[in-house]
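Inside the fold
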Amino acid sequence: MGDDNGKTREEEKQQENKATPSDISDYKIIKEGEAEILMIAKNEVFYNKAQVNNRDISIAVLRTFISKRKEEHETMLSRRTKAVQKVSNDSASKLEAPIESNKGNDKSNGECEESEETSLDEPCSIPEEPVKILEGKGRGELKPPRVLEALSASGLRALRYAREIEGIGQVVALDNDKASVEACRRNIKFNGSVACAKVESHLADARVYMLTHPKEFDVVDLDPYGSPSAFLDSAVQSVADGGMLLCTATDMAVLCGGNGEVCYSKYGSYPLRGKYCHEMALRILLACIESHANRYKRYIVPVLSVQMDFYVRVFVRIYTSASAMKNTPLKLSYVYQCTGCDSFHLQPLGRTVSKNNSLRYLPGFGPVVSQECSDCGKKYNMGGPIWSAPIHDQEWVTSMLADVKSMKDRYPAYDRISAVLTTVSEELPDVPLFLSLHNLCSTLKCTSPSAVIFRSAVINAGFHISGTHVNPLGLKSDAPMDVIWDIMRCWVKNHPVKAQPPDLAGSVILAKEPVLQANFARAVASLSKAQAKKVARFLPNPERHWGPKLRAGRQITSKHVSLLGPQALNGMNNHKAEEEKEQEEEGNEPQAKRKKTEDPNSLS
């Protein structure tokens, strides 16, 4: 017992000493932005270099959130002041002219109705209790936003938030792994007084912690290794009214249709394997978050949704309103995708009817398609439901882009995130999913028109078209599929194809005469502003082996060279050799050898 206790005390002493500067030589210092973290060669605590894009774009969003939150607060204060002034003026007029009290009442009621329209759920009389503004307690008080990083690992993200975002409040970093919490606390100390004052680390299950802290955090950041679905129910309850939820999903194989049944079990939606599968992944995640929020009379408003590298990342604001929540079916749709020509059609879940100044919510009309595709005669696959409302707030995106460009030196991944935000700023906001020009030509077995020529034909036909940040070859358009196929038929007339078997989807499409005569003359708007200015929109990976690294705790072996690169493997082998040497010097047998000799199943 005494020996065991002695060992425990020694271990505790070693852990405490690890935070001291004298032991810095044992660690590798990783610097990102203004934060620095200490990492050891063991794969104990998860750190992913590729997520620098994710962290940078999150910082840009939070900077914009803080400024927007301040604007909203000031607007609400001014509205409240005006409402109070109106009420006080009305009460003064009543005292001056008591005979015309009925007339004054009519006027007062009319003005109250007007103030109700301008300020949400605002009472006509002076409130007795202070009104909560974005969960800031007290009259006219706006506290710095509190941030919860639910899965912190090394704590790098929390440290960057605390050190780089002006006006940020307390940052709480959680993890249910002891090694991660120890590493996080060590990194907090290493980053100095600002980090120590603002960041705190706790050993806790994120789900339990969020459930026991309802509506306490203005920002909740979820960046799990894999699917976030297990955390969404507690996360939507932990966000304050008007606050933000930042959510990453890295299980792209599931979200993009590799395992449809698994996606349905996790996200409540069935994916389709079209060229637009990455945008569909974004929209499935948004629909899932909305579903969880609705259970608590809450709803979401997306401000930015991006697919980058190997994951999707969404930034949504969460509000509470039982009446606004009824609009959810209007924002969701099923998708019908043709198995022959990849045409797709959206089926909204709900619709509204106005009658006598009242709004009725009804099921959506259907079906939007027949049993067989009207273009090629093949059957449809059905997927969804997905989020079919806008996935970005263009005002926010413009503001973020301006902020990022003005603080270029403070973003390590400036080139990548400015490219993504530029492309997002030029997307059509109200067009779910997109077409692939190469896919259309593959169906018809024809040569491909240039993107400029095709875009010009769509614009000349009276429709809108834009690129998409998800795919360099993707095109968003509000033109229906029959118009798209008519344009391609006209293209093939000028660029004939070889004869194909008559039962192929492309042959059936080309057998029909085009109703619309396409005009391929170059349109002024055929190039986006970024293309016209030759601004880079899609950048290559900065280095080889760019992508998700091994989950923390998994041993690095030779099979991980393609994932991590040979340097990581060499570093791990060197670390193992040093450990074995230290054990031999202390008179202990190395663990690997000990396991072999102590194995009861080994032959003696």
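1. Points about the overall build of the chain
Helix and strand counts for the chain come out as 21 helices and 17 strands. Classification of the 604 residues of the chain by burial places 46% in the buried group. Looking at the chain alone, contacts between residues at least 24 apart form 69% of all its contacts between residues at least 6 apart. Accessible surface for the chain amounts to roughly 30900 Å². Of this, 51% is attributable to carbon and sulfur atoms.

2. Some details on unusual backbone geometry
Here the bond from Gly366 into Pro367 is cis, since omega is -5°, no more than 30 degrees from zero. Structurally, Pro367 is set in the loop between strand 13 (358-363) and strand 14 (380-387). Put simply, Gly384 and Pro385 share a cis peptide bond, and its omega is 0°. Its location among the elements puts Pro385 in strand 14. The backbone of Lys215 sits at a positive phi, close to 50°, despite the residue not being glycine. The backbone of Leu433 shows a phi angle near 65°, a positive value even though the residue is not glycine. Looking at the element boundaries, Leu433 is found in the loop between helix 13 (414-425) and strand 15 (435-436).

3. Side note on empty space enclosed by the protein
Gaps left between atoms show up when a probe the size of a water molecule is rolled over them. A complete count under the given rule lists four cavities of 30 Å³ or more for this structure. The calculated volume of the largest cavity comes to roughly 100 Å³. In terms of lining, the largest cavity is formed by Lys275, Tyr276, Gln337, Cys341, Asp342, Phe344, Phe434, Leu435, Ser436, Asn439, Leu440 and Thr443. Of all the secondary structure elements, the ones that give two or more residues to the lining of the largest cavity are strand 15 and helix 14 (437-444).

4. Observations regarding the sheet that holds strand 17 (residues 474-477)
Strand order in the open sheet made by the three strands is 15-17-16, with antiparallel pairing throughout. On the outer flanks of this sheet lie strand 15 and strand 16 (465-466), each paired with one strand and no other. As paired elements, strand 15 and strand 17 share two bridges and run antiparallel to each other. Among the inter-strand pairings, Ser436 is bridged to a residue of strand 17, identified as Gly474.

5. So, the pattern of salt bridges
With the rule as written, the count across this model stands at 24 salt bridges. Across the pair Glu32 and Arg55 runs a salt bridge whose closest N-O atoms are separated by 2.6 Å. Pair noted here: Glu32 is in strand 1 (residues 28-32) and Arg55 is in helix 2 (residues 52-96), with a separation of 23 residues, a long-range link. For the pair shown, Glu32 and Arg55 are each scored as buried. A salt bridge links Asp233 to Arg295; the nearest nitrogen and oxygen atoms lie 3.5 Å apart. Pair noted here: Asp233 is in helix 8 (residues 229-238) and Arg295 is in the loop between helix 11 (277-294) and strand 8 (298-308), with a separation of 62 residues, a long-range link.

6. A few points about the environment of Leu527
Locating Leu527 in the fold gives a position in the loop between helix 17 (505-511) and helix 18 (529-532). Assessed through its relative accessible area of 30%, Leu527 is described here as partly exposed. As for Leu527 and Ser466, which are separated by 61 residues in sequence, their C-alpha atoms are 8.7 Å apart. When sequence neighbours within four positions are dropped, the list of residues in contact with Leu527 reads Val452, Arg455 and Arg522.

7. Overview of the state of the cysteines
Summed over all chains, the structure comprises zero disulfides. Here Cys338 is not disulfide-linked; the sulfur of Cys376 is the nearest cysteine sulfur, at 3.3 Å.

8. With respect to the sheet that holds strand 10 (residues 332-338)
With antiparallel pairing, the three strands of this open sheet are ordered in space as 11-10-14. Edge positions in the sheet fall to strand 11 (344-348) and strand 14, since each has one partner strand and no second. Here the strands of the sheet are splayed against their neighbours by 25° on average, with no regard to which way each runs. Both strand 10 and strand 14 contribute to a ladder of six bridges, which runs antiparallel.

9. Concerning the environment of Asp177
Tracing the sequence through the fold places Asp177 in the loop between strand 4 (171-175) and helix 5 (178-190). Of the residues examined, Asp177 reaches a relative accessible area of 31% and is grouped as partly exposed. Remark: the alpha-carbon pair of Asp177 and His202, spanning 25 residues in sequence, is separated by 9.9 Å. At 2.9 Å, the side chain of Asp177 and the side chain of Ser180 are in polar contact.

10. Quick look at helix 16 (residues 481-494)
The end-to-end C-alpha separation of helix 16 is 20 Å, in line with the 20 Å expected for 14 residues at 1.5 Å each. Burial runs high along helix 16: 11 of the 14 residues are buried. In this structure, the buried residues of helix 16 make contact with strand 11, strand 15, helix 14, helix 15 (451-460) and helix 17.

11. A few points about the packing of aromatic side chains
On inspection of all chains with the given rule, the structure shows six aromatic pairs. With 6.4 Å between their ring centres and 40° between their planes, Tyr209 and Phe217 make a pair best called tilted. The pair formed by Tyr209 and Phe217 is uniform in burial state, with each residue classed as buried. Ring geometry for Trp491 against Phe520: centres 5.8 Å apart, planes inclined by 65°, an arrangement best described as edge-to-face.

12. What about the packing of helix 15 against helix 16?
Where helix 15 meets helix 16, the closest approach of the two axes is 10 Å, and the angle between their N-to-C directions is 125°. The angle between helix 15 and helix 16 places the two elements in the oblique class. In this structure, helix 15 crosses over helix 16, and the sense of that crossing is right-handed. Counted together, Ile453, Phe454, Ala457 and Val458 of helix 15 and Ile484, Ile487, Met488 and Trp491 of helix 16 form the full contact between these two elements. Counted by class, the contact of helix 15 with helix 16 contains eight nonpolar, no polar and no charged residues.

13. As for the side chain of Lys331
In this fold, Lys331 is placed in the loop between strand 9 (311-320) and strand 10. Look past the residues within four positions of Lys331 in its chain and what remains in contact with it is Glu290, Tyr299, Ile300, Ile386, Trp387, Ser388 and Ala389.

About the thresholds
- Residues numbered from 1 in each chain as written.
- Predicted model: local features only at pLDDT ≥ 70, side-chain atom pairs only at ≥ 80, totals over all residues.
- Heavy atoms only, no water.
- Helix = DSSP H or I, 4+ residues; strand = E, 2+ residues; numbered from the N terminus.
- Buried < 20%, exposed > 50% of the residue type's maximum accessible area, 1.4 Å probe, protein only.
- Contact = heavy atoms within 4.5 Å.
- Areas by Shrake-Rupley, 256 points an atom, 1.4 Å probe, with all protein chains shown as cover.
- 1 Å grid on protein atoms, 1.4 Å probe; cavity = no way out; pocket = protein on both sides within 12 Å on 5 of 7 lines; lining within 4 Å.
- Points joined across faces, edges and corners; volume = space filled by probe spheres on them.
- Pairing = 2+ DSSP bridges.
- Salt bridge = Lys/Arg side-chain N within 4 Å of Asp/Glu carboxyl O.
- Disulfide = S-S within 2.5 Å.
- Axes fitted to C-alpha atoms, helices over the stretch in contact; angles between N-to-C directions.
- Polar contact = N/O pair within 3.5 Å; in protein donor to acceptor, adjacent residues only side chain to side chain.
- Expected span 1.5 Å × (residues − 1).
- Phe/Tyr/Trp six-rings, centres within 6.5 Å; stacked < 30°, edge-to-face > 60°.
- Parallel < 35°, antiparallel > 145°, perpendicular 65-115°, else oblique.
- Left-handed = near helix turned anticlockwise from the far one by under 90°.
- Nonpolar A, V, L, I, M, F, W, Y, C, P; charged D, E, K, R; others polar.

Distances and angles like these do not, on their own, reveal function.
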